[in-house]
Amino acid sequence: MGILNVTPDSFSDGGAHLDPDQAIAAGRRMVAEGAGMLDIGGESTRPGATPIAPEEEQRRILPVIAALRGVLISVDTRHASTMAAALDAGATVVNDVSALRYDPASRSVVAARGCPVILMHMRGTPETMAAHADYSDVAAEVASELAERVAYAIEGGIHPAVIAIDPGFGFAKTGDHNIALLRGLSVLNRVGPIVAGVSRKRFIGRLSGVDQERGRMAGSIAAGLFAWQQGARTLRVHDVAETVQALRVWQELSGTLPNTGMAG
Ligand code: HH2
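Residues numbered from 1 in each chain as written. Predicted model: local features only at pLDDT ≥ 70, side-chain atom pairs only at ≥ 80, totals over all residues. Heavy atoms only, no water.

J.: Quick question: what am I supposed to make of helix α3 (residues 80-89) here?
T.: An α-helix turns once per 3.6 residues; consequently, residues spaced three or four apart project the same way. Within α3, eight of the ten residues are buried, leaving the element largely enclosed by the surrounding structure. For α3, every residue scored as buried is listed here: A80, T82, M83, A84, A85, A86, L87 and A89. On its buried face, α3 sits against α2 (54-67), β3 (73-76), β4 (93-96) and α4 (106-113). Remark: G90 follows α3 within two positions and exhibits a positive phi of approximately 135°. (Buried < 20%, exposed > 50% of the residue type's maximum accessible area, 1.4 Å probe, protein only. Helix = DSSP H or I, 4+ residues; strand = E, 2+ residues; numbered from the N terminus. Contact = heavy atoms within 4.5 Å.)

Right, here's the structure in full:
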C-alpha cells in the first residue's frame, strides 16, 4: 500500500503532493513500482496535528482519486462525508485511523457501501493521544481494543470478511510501546488480517539512529519485513519500489511467494 498524502503538513511527505498533478503522478509511479493499493489522505494525523474540515479534505483528495480511478484506492479519513464522497469518486476501501470512532455516521456509510474497511488502533485523537500511551501489555491490550472495534463494526452491519485491522504504530504509543507492539504483532492475527504502517515513523528513527524521516527507508523496510514475518499482509509504505523488491526476495527465500512463475 503506497502512501499518498495530499497535505501540506504530513510528517514525512507533507507538501510534496499538495498539487493534484504531482499527487496523480506520484500515485501512478507507485503503481508502476508495484503497489497493489494507494492510500490517499487529505488530513495529517501526526501527533498534535490540527484537524481540518471535511470540505477542505475533500477538495484536496477527490480530484486525485477521480484521476486514479481504476487503481485499488483506500481513502485515509475519519469523516463519514469524505468516505462517501471518496467511494463515489473511485475509492474502494476505507482506512479510518479512528476505527469508526471519530464520526458516528461512518459505520453506516461503510455498512451501506459494503466496502472493505481498515480499523486502526488509537486512543483519544491525534491532539490528545500522547496522554493515553499507558499499557501494561501493549500487544494484548491493542488486540483486545481492536477486537471491540471489530465487534462494533459487525454489530452495525459490516461483513466480517471485509474488515482488516491495524495496530496503529505511533498512535497513542511511546517508542517503547511501538517496539513491543511490533515484537508481539502476531497476537493480532486472531483479530483479523493485519495492515502495518511503520514507514519512516519516529520509532524507526530511534531504532536506526536516523533523525531525518526521509533517511529511514532501509530501517522501515527491515521493520516492515519483521511485521510481514509475523503475519501482516499489507504494508503501508512511502518507498514502494524498495519495499516491493525486499518483499519479493524475502518471499522467494522463505518459500512464501505466491505462484508467479518466478521461482527457480
Ligand atoms: N499512519 C498514518 C496515517 N494513516 N493509516 C493506517 N491504517 N496505519 C497507519 O499506521 C497510519 C495511517 C500516519 O502517517 P502519514 O500518513 O505518513 O502521516 P500524516 O498522518 O502526518 O499524514
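J.: What's the story with the nonpolar core in this structure? I'm lost.
T.: Nonpolar side chains tend toward joint burial in soluble globular proteins. By size, the foremost hydrophobic cluster in this structure holds 71 residues, and its most contacted members are I40 and I65. In terms of residue count, helix α5 (residues 138-155) provides more of this core than any other element does, seven residues in total. Sequence-distant contacts of I40, defined by excluding residues within four places in its chain, comprise L4, V6, I61, V64, I65, L68, I73, S74, V75 and D76. Counting six residues, the second-largest nonpolar core is a separate cluster that includes M1, M37, V93 and A164. (Core = buried A, V, L, I, M, F, W, Y, C linked by side-chain atoms within 4.5 Å.)

J.: Sorry if this is basic, but what is going on with the pairing of strand β6 (residues 163-166) here?
T.: Each regular strand displays side chains that alternate between the two surfaces of the sheet. Side-chain alternation along β6 places I163 and I165 on one buried face and A164 and D166 on a second face that is also buried. Inspection of the sheet shows strand β5 (residues 117-120) paired to β6 by four bridges, in the parallel sense. Directly across from V117, in β6, lies its bridge partner I163. Remark: the β5/α5/β6 crossover connection has right-handed handedness. (Pairing = 2+ DSSP bridges. Right-handed = clockwise from strand over helix to strand, strands pointing away.)

J.: Honestly, the pairing of β5 in this entry has me stumped. Any pointers?
T.: Every second residue of β5 is oriented toward a common face, with V117 and L119 on one face and I118 and M120 on the other, all of them buried. After leaving β4, the chain enters α4 and then returns to the sheet as β5, a path that is right-handed.

J.: Explanation requested: empty space enclosed by the protein in the structure shown.
T.: To locate leftover empty space, one rolls a probe as large as a water molecule over the atoms. Per the counting criterion, the structure on display carries two cavities of 30 Å³ or more. Considered as a void within the structure, the largest cavity measures approximately 60 Å³ in volume. Taken together, V198, S199, M217, S220, I221, G224, L235, R236, V237, H238, D239 and T243 make up the full set of residues lining the largest cavity. Of the residues in the lining of the largest cavity, the class split is five nonpolar, five polar and two charged. If you add up the space inside the second largest cavity, you get close to 40 Å³. Lining the second largest cavity we find E43, T45, D76, T77, R78 and V97. (1 Å grid on protein atoms, 1.4 Å probe; cavity = no way out; pocket = protein on both sides within 12 Å on 5 of 7 lines; lining within 4 Å. Points joined across faces, edges and corners; volume = space filled by probe spheres on them. Nonpolar A, V, L, I, M, F, W, Y, C, P; charged D, E, K, R; others polar.)

J.: Would you mind showing me how to read the pattern of salt bridges here?
T.: For side chains bearing opposite charge, pairing can occur when the charged atoms are close. In the structure shown here, the tally under the stated rule is eleven salt bridges. The closest approach of N and O atoms between R78 and E43, which form a salt bridge, is 3.1 Å. With R78 in the loop between β3 and α3 and E43 in the loop between β2 (38-41) and α2, this pair connects stretches of sequence that are 35 residues apart. Relative accessible area serves as the criterion here: at 2%, R78 is assigned to the buried category. According to the relative accessible area criterion, E43 is buried, its value standing at 7%. D76 is paired through a salt bridge with R236; the nearest N and O atoms lie 3.2 Å apart. Of this pair, D76 sits in strand β3 while R236 is found in the loop between β8 (234-235) and α9 (240-254), placing the two residues 160 residues apart along the sequence. We classify D76 as buried; its relative accessible area is 8%. Through salt bridges that share partners, D39, D76 and R236 make up one connected network. (Salt bridge = Lys/Arg side-chain N within 4 Å of Asp/Glu carboxyl O.)

J.: Please explain the layout of surface pockets as it appears in this structure.
T.: Of the volumes computed, that of the largest pocket is approximately 680 Å³. Lining the largest pocket are 35 residues; nearest its centre among them are R46, P47, F169, G170 and K201. Only β1 (2-5), α6 (175-183) and α7 (202-208) provide two or more residues apiece to the lining of the largest pocket. The element contributing the most residues to the lining of the largest pocket is α7, with three residues. Of the residues contributing to the lining of the largest pocket, the split by class is twelve nonpolar, twelve polar and eleven charged. Looking at the second largest pocket, its volume works out to about 310 Å³. M1, G34, G36, V244 and L247 are, among the 18 residues lining the second largest pocket, the residues nearest its centre. Sorting elements by how many residues they give to the lining of the second largest pocket places α9 first, with six residues.

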